[in-house]
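Per-entry structural report
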Amino acid sequence: SAVISQKPSRDICQRGTSLTIQCQVDSQVTMMFWYRQQPGQSLTLIATANQGSEATYESGFVIDKFPISRPNLTFSTLTVSNMSPEDSSIYLCSVGPSVTGNTIYFGEGSWLTVV
Amino acid sequence: QKEVEQNSGPLSVPEGAIASLNCTYSDRGSQSFFWYRQYSGKSPELIMSIYSNGDKEDGRFTAQLNKASQYVSLLIRDSQPSDSATYLCAVGSQGGSEKLVFGKGTKLTVNP
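A brief look at the structure comes next. (Residues numbered from 1 in each chain as written. Chains lettered and ligands numbered in written order. Predicted model: local features only at pLDDT ≥ 70, side-chain atom pairs only at ≥ 80, totals over all residues. Heavy atoms only, no water.)

1. Considering the pairing of strand E3 (residues 19-25) of chain A
Residues and elements named next belong to chain A. Keep this limit in mind: Burial classification: accessible surface area is computed with a 1.4 Å probe over protein chains only, and a residue below 20% of its type maximum counts as buried, one above 50% as exposed, and the rest as partly exposed. Each helix corresponds to a stretch of at least 4 residues labelled H or I by DSSP, and each strand to a stretch of at least 2 residues labelled E; elements are numbered beginning at the N terminus. For two strands to be treated as a pair, DSSP must find at least two bridges joining them.
A one-sided burial pattern is seen for E3, the buried positions being Leu-19, Ile-21, Cys-23 and Val-25 and the unburied ones Thr-20, Gln-22 and Gln-24. Relative to strand E8 (residues 75-80), E3 is paired through six bridges, and the arrangement is antiparallel. Across the sheet, the residue bridging to Thr-20 is Thr-79, located in E8.

2. Remarks on the pattern of salt bridges
All names here are of chain B. Heads up, the condition is: In the sections that follow, a salt bridge refers to a side-chain nitrogen of Lys or Arg positioned within 4 Å of a carboxyl oxygen of Asp or Glu.
Applying the stated criterion to the full structure yields four salt bridges over all chains. Taking the shortest distance from any N to any O, the salt bridge between Asp-83 and Arg-60 comes out at 2.8 Å. On the criterion of sequence distance, the pair formed by Asp-83 in the loop between strand E8 (71-76) and strand E9 (85-92) and Arg-60 in the loop between strand E6 (54-58) and strand E7 (61-66) is long-range, its members being 23 residues apart.

3. Topic: the sheet that holds E7 of chain B
Residues and elements named next belong to chain B. So the rule is basically this: The axes used here are C-alpha line fits, helices contributing only the stretch in contact, and every angle between their N-to-C directions lies in the interval 0 to 180 degrees.
The strand order across the open sheet built from five strands is E1-E3-E8-E7-E6, with neighbouring strands paired in antiparallel fashion. Unpaired on one side and paired on the other, strand E1 (4-6) and E6 mark the two borders of the sheet. On average, each strand axis in the sheet is inclined to that of its neighbour by 20°, with strand direction left out of account. Alignment of E6 against E7, held across five bridges, turns out to be antiparallel. From the neighbouring strand, Asp-55 faces E7, where its bridge partner is Gln-64.

4. With respect to the pairing of strand E5 (residues 43-50) of chain A
All names here are of chain A. Here E5 lies mainly inside the structure; seven of its eight residues are buried. Strand direction decides the pairing type here: strand E4 (residues 31-37) and E5, joined by seven bridges, are antiparallel. In the strand pairing of E5, Met-32 is matched with Ala-49. Linking two consecutive strands that pair antiparallel, namely E4 and E5, is a turn of five residues; a positive phi of about 75° is found at Gly-40 within it. Pairing between E5 and strand E6 (residues 56-57): two bridges, direction antiparallel. Counted as the bridge partner of Ala-47 is Tyr-57 from E6. The turn joining E5 and E6, which pair antiparallel and follow one another in sequence, is formed by five residues; a positive phi near 85° is taken by Gly-52.

5. A look at empty space enclosed by the protein
All names here are of chain B. The condition is simple: Residues are said to line a cavity or pocket when one of their atoms sits within 4 Å of a point; the points come from a 1 Å grid over protein atoms alone, cavities being sets where a 1.4 Å probe fits but cannot get out and pockets being open sets with protein on both sides within 12 Å along at least five of seven lines. Grid points are joined across faces, edges and corners, and a volume is the space filled by probe spheres set on the points. For this scheme, ten residues count as nonpolar: Ala, Val, Leu, Ile, Met, Phe, Trp, Tyr, Cys and Pro. Four count as charged, namely Asp, Glu, Lys and Arg, and the remainder, Gly too, count as polar.
In total, this model carries one cavity of 30 Å³ or more according to the counting rule given. Volume-wise, the largest cavity comes out at about 60 Å³. If you go around the largest cavity, the residues you meet are Lys-2, Glu-3, Val-4, Tyr-25, Ser-26, Asp-27, Ser-30, Val-91, Gly-92, Ser-93 and Val-101. Its residues assigned to classes, the lining of the largest cavity shows four nonpolar, four polar and three charged.

6. Description of the sheet that holds strand E1 (residues 4-7) of chain A
Residue and element names in this part refer to chain A. With respect to topology, four strands assemble into an open sheet ordered E1-E3-E8-E7, the strand pairing being antiparallel. The outermost strands of the open sheet, each flanked by one partner alone, are E1 and strand E7 (68-72). Across the sheet, the axes of successive neighbouring strands diverge by a mean angle of 15°, strand direction being ignored.

7. Examining the layout of surface pockets
Its volume calculated, the largest pocket comes out at about 730 Å³. Contributing to the lining of the largest pocket are 24 residues, with Thr-44 of chain A together with Gln-1, Lys-2, Val-101 and Phe-102 of chain B lying nearest its centre. Taken together, the elements giving at least two residues each to the lining of the largest pocket come down to E5 of chain A together with E1 and strand E10 (100-102) of chain B. The residue makeup of the lining of the largest pocket, split by class, is seven nonpolar, ten polar and seven charged. In this model, the second largest pocket occupies a volume close to 460 Å³. Along the wall of the second largest pocket there are 27 residues; nearest its centre are Gln-37 and Gly-40 of chain A together with Gln-38, Ser-40 and Thr-86 of chain B. Looking at the lining of the second largest pocket, the elements that each hand over two or more residues are strand E9 (89-95) and strand E11 (110-114) of chain A together with E9 and strand E11 (106-111) of chain B. For the lining of the second largest pocket, the leading source of residues is E11 of chain B, giving four residues. Class assignment for the residues of the lining of the second largest pocket results in eight nonpolar, 16 polar and three charged.

Printed below as a string of structure tokens:
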């Protein structure tokens, strides 16, 4: 399986600020995905990060709030902008079949608390 | 709206018993099915994937898929306290896309 590293692993953020989460994969992958897991909830896909093109956002998520970069085939960032307490979640980076066959693996997650 | 439904539990079983976790999905065209285990404070860990009807066994774990009934299950034999976690069912979009729709998870507790 791919090794997926995320930074920061945890952070406490002030309301109204923005935070960028980094995701690094140990091999080249075509598609990277960003998920959110709110407290006590399951995972929800935020967007698909494609190298060389704009990210594709799921319903309910917008680029202004969650801008994504994908500068190369091993790296992506997700920014959570103008944070509010409702953004307190785990943010998870995942990669798909280019490396792992037909399965999806997750990074360790970034645990954000907005105060 | 594609949906994946799981019994939220909690499901409690004694050590050594078989734990049975169930999942139904709404998108009849779904192609890939996954079970993830998530310990408290950790990210999800893939434990089983299944793509065709029938059973797939891996150690103490057996995944069962019935596409006609839109049903997937996970059996854990000889349950151990270390199996205590939340189990997430995830379904891949039609066409084998990597985008997954997750259920809300079933919390399993294995009692020593």
